[in-house]
Amino acid sequence: MKTQIYDVRNKDAAKAEEIGEAARVLKDGGLVAFPTETVYGLGADALNSRAVSKIYEAKGRPSDNPIIVHICRLEDLQLLTDDIADDVALLAKEFWPGPLTMILPKKSLVPSVTTGGLNTVAVRMPDSEVALELIRQSGTAVAAPSANISGSPSPTKGEHVVADLDGRIDVILIGEDCRVGIESTVLDMTGSSPVILRPGIITKEALSRALSKDVEIGGGIQEEEAPRSPGTKYAHYRPKAEMLLLKGRRRAVLNEIMRLTAESGNKKIGVIDVAAESPAEAAKSFFDKLRQMDAAGMDLIIATAPDENDSVGFALMNRMLKAAGHNCRSVTEGEEEASL
Ligand code: TXA
Ligand code: MG
């Protein structure tokens, strides 16, 4: 398949002909990759089951992994769900457009391929002019998972999408690099109290404050198995290189990195020093760094851990643990002594 690649950086989204063209492709049942503030999405008409099935094929995505549906205005929520509770309306008003996805009871109009066979639908309104204009002009709601080959690091730059999907989809819209860099917070609003199924930069504290009530973090979210959000059970974000996360006091961790590097023989080791930046900065560039390490042919990636008491650090650690296949070690002071 020939993929049309349109660069819409520095263009006025409302006037860009390329976005109009991409919207027509969506309306006709095609696949369009587009930027959002979190990561690039791979979109199809959410209400067209044939179109949505093509997403699974292009990404190599397991078909029981439901897809987030993107809307461009609040009224369109009614297309997808009947049941807009006060809390849902409140969070939508407070955080949309933005990196918050809410799980809601679905209307029968939403095809079951879009929701992986579930009777709930995940909805968000992205905070990107290009994305909002594309959705608006398509005249529908847009189902879009991250625009990468399933299992590989999420795409935060147009070039990542081209590397993974050129030749597999109809259109790639290249916009600005994603400013958040990790995917939206997924919040289940279908139970008696709201539960975070995937952490993101919209934090538990911010959600609790807005709702004036407790928001839970789903059980097992940082563990290898987190059964409530179907997508979380699959291998995610994996670089080609082996990856090791090191937790612990800064000095101990740096000493351990030096020790491992000294002992590495002819193994190529790359270091991602997440702890040296703020969690938000580190989150913005993390997936790009994984791709750079692979491009440089590293055999092992060692990463320092963010502060997990910080909510954004916690969300980033969630991605890092998956990227490393949960290969994470705490470096103790004892090891530090030994290596001095
Ligand atoms: O920031 C984002 O959310 C990006 C951009 C493109 O919007 N999208 C994204 O989609 O990350 P994806 O498909 O890579 O992740 C969707 C997550 C998966 O973990 C999936 O299992 C969960 O949301 N999900 C979707 N629908 C669900 C539902 N009805 N119930 C529970 N979890 C759901
Ligand atoms: Mg994804």
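Our subject in this report is the structure included herewith. (Residues numbered from 1 in each chain as written. Chains lettered and ligands numbered in written order. Predicted model: local features only at pLDDT ≥ 70, side-chain atom pairs only at ≥ 80, totals over all residues. Heavy atoms only, no water.)

**Remarks on the nonpolar core**
For step 1, the next point in the chain: Residues Leu91 and Leu173 are the most contacted members of the largest nonpolar core, which totals 69 residues.
For step 2, the next point in the chain: Residues Tyr237, Phe286, Ile301 and Leu316 belong to the second largest nonpolar core, which totals 24 residues. (Core = buried A, V, L, I, M, F, W, Y, C linked by side-chain atoms within 4.5 Å. Buried < 20%, exposed > 50% of the residue type's maximum accessible area, 1.4 Å probe, protein only.)

**Focus on the sheet that holds strand β13 (residues 269-272)**
For step 1, the next point in the chain: Read across the sheet, four strands follow the order β13-β14-β12-β15 without closing on themselves; strand pairing throughout is parallel. In this open sheet, the two strands that pair with only one neighbour each are β13 and β15 (328-331). Within the sheet, the average angular offset between the axes of one strand and its neighbour, ignoring direction, is 25°.
For step 2, the next point in the chain: Strands β12 (242-248), β13, β14 (300-304) and β15 of the sheet are contacted by helix α8 (residues 250-262), whose axis makes an angle of about 150° with β12.
For step 3, the next point in the chain: The sheet contacts of helix α9 (residues 279-295) involve β12, β13 and β14, and relative to β13 the element is tilted by about 170°. (Pairing = 2+ DSSP bridges. Helix = DSSP H or I, 4+ residues; strand = E, 2+ residues; numbered from the N terminus. Axes fitted to C-alpha atoms, helices over the stretch in contact; angles between N-to-C directions. Contact = heavy atoms within 4.5 Å.)

**Section: the side chain of Asp294**
For step 1, the next point in the chain: Residue position: Asp294 is located in helix α9.
For step 2, the next point in the chain: In this structure Asp294 is buried but unpaired, with Lys240 as the nearest side chain of opposite charge at 4.4 Å.
For step 3, the next point in the chain: With sequence-adjacent residues up to four places away left out, Asp294 is seen in contact with Pro239, Lys240 and Ala241. (Lys, Arg positive; Asp, Glu negative; His and termini not counted. Salt bridge = Lys/Arg side-chain N within 4 Å of Asp/Glu carboxyl O.)

**Overview of α9**
For step 1, the next point in the chain: Taking 1.5 Å per residue as the helical rise, α9 with its 17 residues ought to reach 24 Å, and the 24 Å between its terminal C-alpha atoms agrees with that figure.
For step 2, the next point in the chain: At Phe286, α9 shows its strongest bend, of approximately 45°.
For step 3, the next point in the chain: Taken together, the buried positions of α9 are Pro279, Ala282, Ala283, Ser285, Phe286, Phe287, Asp288, Leu290, Arg291, Met293 and Asp294.
For step 4, the next point in the chain: Considering only its buried residues, α9 is in contact with α6 (158-165), β12, β13, β14 and α10 (311-323).
For step 5, the next point in the chain: Of the residues one or two after α9, Gly297 is the one with positive phi, at around 70°. (Expected span 1.5 Å × (residues − 1). Bend = angle between axes of the 7 residues up to and from the residue.)

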